[in-house]
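Observations on the three-dimensional arrangement
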There are 2 protein chains.
Amino acid sequence: MTTTISPLPDLSRASTLFQALSDPTRLSILAMLRGGEQCVCDLQAGLDAAQSRLSFHLRVLREAGLVVDRKEGRWSYYSIVPEALTEVHDLTVDLQPSARSLPVHRAGSCCG
Amino acid sequence: MTTTISPLPDLSRASTLFQALSDPTRLSILAMLRGGEQCVCDLQAGLDAAQSRLSFHLRVLREAGLVVDRKEGRWSYYSIVPEALTEVHDLTVDLQPSARSLPVHRAGSCCG
DNA sequence: CGAATGTATCAACGTTTCTTGATTAATACC
DNA sequence: GGTATTAATCAAGAAACGTTGATACATTCG
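Owing to the predicted nature of the structure, the values given are computational and were not obtained by experimental measurement.

Next up on the list: the overall build of chain A. For chain A, the helix and strand inventory stands at five helices and three strands. Moving toward the C terminus, one meets the helices and strands of chain A in the order α-α-β-α-α-β-β-α. When each of the 112 residues of chain A is scored for burial, the buried share is 29%. Sequence-distant contacts in chain A: of pairs separated by 6 or more residues, those separated by 24 or more amount to 56%.

In structure tokens, the structure reads:
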């Protein structure tokens, strides 16, 4: 009855993505990664963040699929997964009010 | 093009927006609002959410600037602020790794 | 081998967020 | 006026989140 009007994407996936993006430290990490792959130690220096703190946030980003890591020797290199940001991008488009959606609202009379 | 690294937007504004979008209930609210303005009572029915719970989430969305409300009689009508979603949209674009950004990483040697 | 380095994980704690039920405020209807 | 009705707010508790310091694990170097 309360049918979805148009193809709203998986809400739980969406909230996971937005949640991962909802922290300033994590946004700073992503900002640093825009220029390309970075190792944890460089991120640590650039962000002036404690090691375990950084590791925590990298894990959140990784589990949301926003970044991937690559091990090389004793270093871990992280980089952005562009497709994930595209996914977020598409979500914001899907959420925009669309003129062609059902005009559910009956002006003047509300709530039966 | 004068692009250097790129204009990273206000992190705290960004995290407020993403935080507001990080909850499934709030995403459902926005999904319902895509079709146009809705009163709280209709949202309540559509989402099967307790009144105070809905009110809480509407406040989060409102304070993030993602929705506005309009009072009419004893009803409150909420609707999406498209500009706010555009803002989010732009953020995802800004976060995309750009080939023309500084290639900070020196392959092979890390951390001085 | 042992020591040093880079990173992940864990446990503990404080903070924030979400939910619930009760109360309050404003409007409408009799 | 009194009584519904709609929605915001508050207080309390539960759950999720973020920080810190300690520990564990793997890799490199001597």
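Attention now moves to the pairing of strand β3 (residues 75–80) of chain A. Residues and elements named next belong to chain A. The pairing of strand β1 (residues 38–39) with β3 spans two bridges and is classified as antiparallel. Of the residues in β3, the one forming a bridge with C39 is Y77. Strand direction decides the pairing type here: strand β2 (residues 67–72) and β3, joined by six bridges, are antiparallel. Across the sheet, V68 pairs through a bridge with S79, a residue of β3. Adjacent in sequence and paired antiparallel, β2 and β3 are bridged by two residues, among which G73 carries a positive phi angle near 60°.

Attention shifts here to the protein's contact with DNA strand C. Around DNA strand C sit 25 residues in total, of which C41, S52 and S55 of chain A together with S52 and G73 of chain B are the nearest. Among the secondary structure elements, those contributing two or more residues to the surface near DNA strand C are α3 (40–47), α4 (51–63) and β3 of chain A together with α4 (51–63) of chain B. Per-element tally for the surface near DNA strand C: the top contributor is α4 of chain A, with six residues. Of the residues that constitute the surface near DNA strand C, the class distribution is 10 nonpolar, nine polar and six charged.

On to unusual backbone geometry, then. All names here are of chain A. Not every positive phi belongs to a glycine, and D48 is a case in point at roughly 55°. With respect to the helices and strands, the residue D48 is situated in the loop between α3 and α4. By the C-beta count within 10 Å, which is 7 here, D48 ends up exposed.

By nearness alone, 24 residues border DNA strand D, and S52 and G73 of chain A together with C41, S52 and S55 of chain B come closest of all. The set of elements that each furnish at least two residues to the surface near DNA strand D consists of α4 of chain A together with α3 (40–47), α4 and β3 (75–80) of chain B. Among the elements that line the surface near DNA strand D, the one with the most residues is α4 of chain B, at six residues.

This brings us to the environment of L21 of chain B. Here L21 of chain B is to be found in the loop between α1 (11–20) and α2 (24–33). You can call L21 of chain B buried: it has 28 C-beta atoms within 10 Å. Here the alpha-carbon distance between L21 of chain B and L66 of chain B, two residues 45 residues apart in the chain, equals 9.0 Å. Apart from residues lying up to four places away in sequence, L21 of chain B is in contact with F18 of chain A together with R26, L27 and V88 of chain B.

All names here are of chain A. Pairing is antiparallel in the open sheet, where three strands are placed in the order β1-β3-β2. The two strands at the open ends of the sheet, each matched to only one other strand, are β1 and β2. Helix α2 (residues 24–33) rests against β1, β2 and β3 of the sheet, and its axis sits at about 90° to β3. Against the sheet, α4 touches β2 and β3, its axis set at about 120° to β2.

Taking burial as the measure, the 10 residues of α2 of chain B include eight buried ones, the bulk of the element. Every buried residue of α2 of chain B is listed here: R26, L27, S28, I29, L30, A31, M32 and L33 of chain B.

Looking now at the confidence of the model for chain A. All names here are of chain A. Overall, the predicted model of chain A reaches an average pLDDT of 86, with 80% of residues at or above 70. Contacts for the low-pLDDT stretch residues 1–5, under 50 throughout, to residues beyond four places or in other chains number six contacts. Taken together, the stretch residues 101–108 has pLDDT below 50 and engages in 14 contacts with residues farther than four places along the chain or on a different chain.

Basis of the calculations
- Residues numbered from 1 in each chain as written.
- Chains lettered and ligands numbered in written order.
- Predicted model: local features only at pLDDT ≥ 70, side-chain atom pairs only at ≥ 80, totals over all residues.
- Helix = DSSP H or I, 4+ residues; strand = E, 2+ residues; numbered from the N terminus.
- Buried ≥ 20, exposed ≤ 12 C-beta atoms within 10 Å, placed from the backbone.
- Contact = placed C-beta atoms within 7 Å.
- Pairing = 2+ DSSP bridges.
- Near = placed C-beta within 6 Å.
- Nonpolar A, V, L, I, M, F, W, Y, C, P; charged D, E, K, R; others polar.
- Axes fitted to C-alpha atoms, helices over the stretch in contact; angles between N-to-C directions.
- pLDDT = per-residue confidence, 0-100.

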